[in-house]
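This is what each chain is made of:
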Amino acid sequence: VVIVATGGEEYRPTGEYLYGQSPQVVTQRELEERLATDPSDLRDIKTVVMIQCVGSRTERRPYCSKICCSQAIKNALKIKQLNPKVEVYILYRDMRTYGFQEIFYAQARSEGVVFIRYDDKDQPQVSMGDGRLKISIFEPVVGQRLVIEADLLVLSVGIVPPQGNRELAKKLKVPLTEEGFFLEAHVKLRPVDFATDGIFLCGLAHSPKPLGESISQAAAAAGRAAIPLSKGLVQIEPIVSYVDQEKCVGCGLCEEICPFKAIRLQDTEVGKRAETITASCKGCGLCAASCPQRAIIMHHFTSEELFAQITTLIES
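Values in this document were obtained by computation on a predicted structure and should not be read as measured data.

**Q** Whenever I open this one, the environment of Arg273 confuses me. Can you help?
**A** In this structure, Arg273 sits in strand S15 (residues 271–276). Along the chain, Arg273 and Asp151 lie 122 residues apart, while their C-alpha atoms are 72 Å from each other. The residues touching Arg273, leaving out its near neighbours within four places in the chain, are Gln245, Cys248, Val249, Gly250, Arg264, Leu265, Gln266 and Thr268. At 2.9 Å, the side chain of Arg273 and the backbone oxygen of Cys248 are in polar contact. Here Val270 takes part through its backbone oxygen, which lies 3.5 Å from a polar atom of the side chain of Arg273.

Spelled out as structure tokens, the structure:
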């Protein structure tokens, strides 16, 4: 069995909101590292602005990364704990602190964190002046544009799939979504399985999700993987292909078109001949339909059986 748990990566802004151009612009993860290692350099900061949905919910990445809102509130509460006088503004499109995380959203509001909603068509504008960041945003409640001078700008960036996902998907013969995450066999019936037997997935390899959901999915994948391991054998379906090697000429067409790599060419005394790997065969019939020598037979779907059904139908 194989469990695909490639994880995800932090989206790296490319010049957005002056990221990479000013040391005063950081991501939430970079802010977390500073809060965890040396928060003393943040004690003199008076104003912090956080911008949500950077790299997520765009035309290129229409999905929600699911952790950004909670991450921003967590860091905002930590800053307030270090210095309650710091002004913290969170500029958001939609606050998605679902479940019990809503408690922390209410706590942040009670401790003075200011939430300002912005429209996707009128996103915040960031500029630098007099050594301070200036964030311009249209406030829909008062109907005016506000300018906030900040000492620190924090970007809540989304989660993107690792670059190696496409190469791995080709090797394992498993599908990806349009965004580059791995696609499960069925969202409800087989949520941690691939269409290819014996391969399972979990965590950020599947889609962006919080840690708790990743742990639950990992436990499910481990449970599914333990089933064939505990049996010690694989029970194959009866509808698989069989190669008649007396008719086979070893052209290799069946090996090339098989989507499950269930046919291989083997060296024999009379040359190369095709052979079915029954444990991998799914009985799709592509090999039998394409074989120019008609050397491949589908069990329970032989020509004799099909013609007998057709004849019986005509006679009845």
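**Q** Help me out: how do you make sense of the sheet that holds strand S8 (residues 132–139) in this one?
**A** As a general point, the strands of a sheet are linked pairwise by backbone hydrogen bonds and lie either parallel or antiparallel. Strand order in this open sheet of three strands is S7-S8-S9, and the pairing throughout is antiparallel. Of all strands in the sheet, those bounded by a partner on one side alone are strand S7 (125–129) and strand S9 (144–150). With strand direction ignored, the average angle separating the axes of adjacent strands in the sheet is 25 degrees. Relative to S9, S8 is paired through seven bridges, and the arrangement is antiparallel. Looking at S9, one finds that Glu139 is bridged to Gln144.

**Q** Help me understand the pattern of salt bridges, please; the structure alone is not making it clear to me.
**A** Pairs can form between side chains of opposite charge whenever their charged atoms are close. Going through the model one piece at a time under the given rule, you end up with 17 salt bridges. Where Glu32 meets Lys74, a salt bridge forms, and the shortest distance between an N and an O atom there is 2.8 Å. With a gap of 42 residues between them, Glu32 in helix H1 (residues 28–37) and Lys74 in helix H2 (residues 68–82) connect regions that are remote in the sequence. For Glu32, a relative accessible area of 23% translates into the label partly exposed. Close ionic contact of Arg190 with Asp197 constitutes a salt bridge, the shortest N to O distance being 3.8 Å. Residue classification places Asp197 among the exposed positions, given a relative accessible area of 51%. Through salt bridges with shared partners, a single ionic network connects Arg190, Asp193, Asp197, Arg224 and Lys282.

Basis of the calculations
Residues numbered from 1 in each chain as written. Predicted model: local features only at pLDDT ≥ 70, side-chain atom pairs only at ≥ 80, totals over all residues. Heavy atoms only, no water. Helix = DSSP H or I, 4+ residues; strand = E, 2+ residues; numbered from the N terminus. Contact = heavy atoms within 4.5 Å. Polar contact = N/O pair within 3.5 Å; in protein donor to acceptor, adjacent residues only side chain to side chain. Pairing = 2+ DSSP bridges. Axes fitted to C-alpha atoms, helices over the stretch in contact; angles between N-to-C directions. Salt bridge = Lys/Arg side-chain N within 4 Å of Asp/Glu carboxyl O. Buried < 20%, exposed > 50% of the residue type's maximum accessible area, 1.4 Å probe, protein only.

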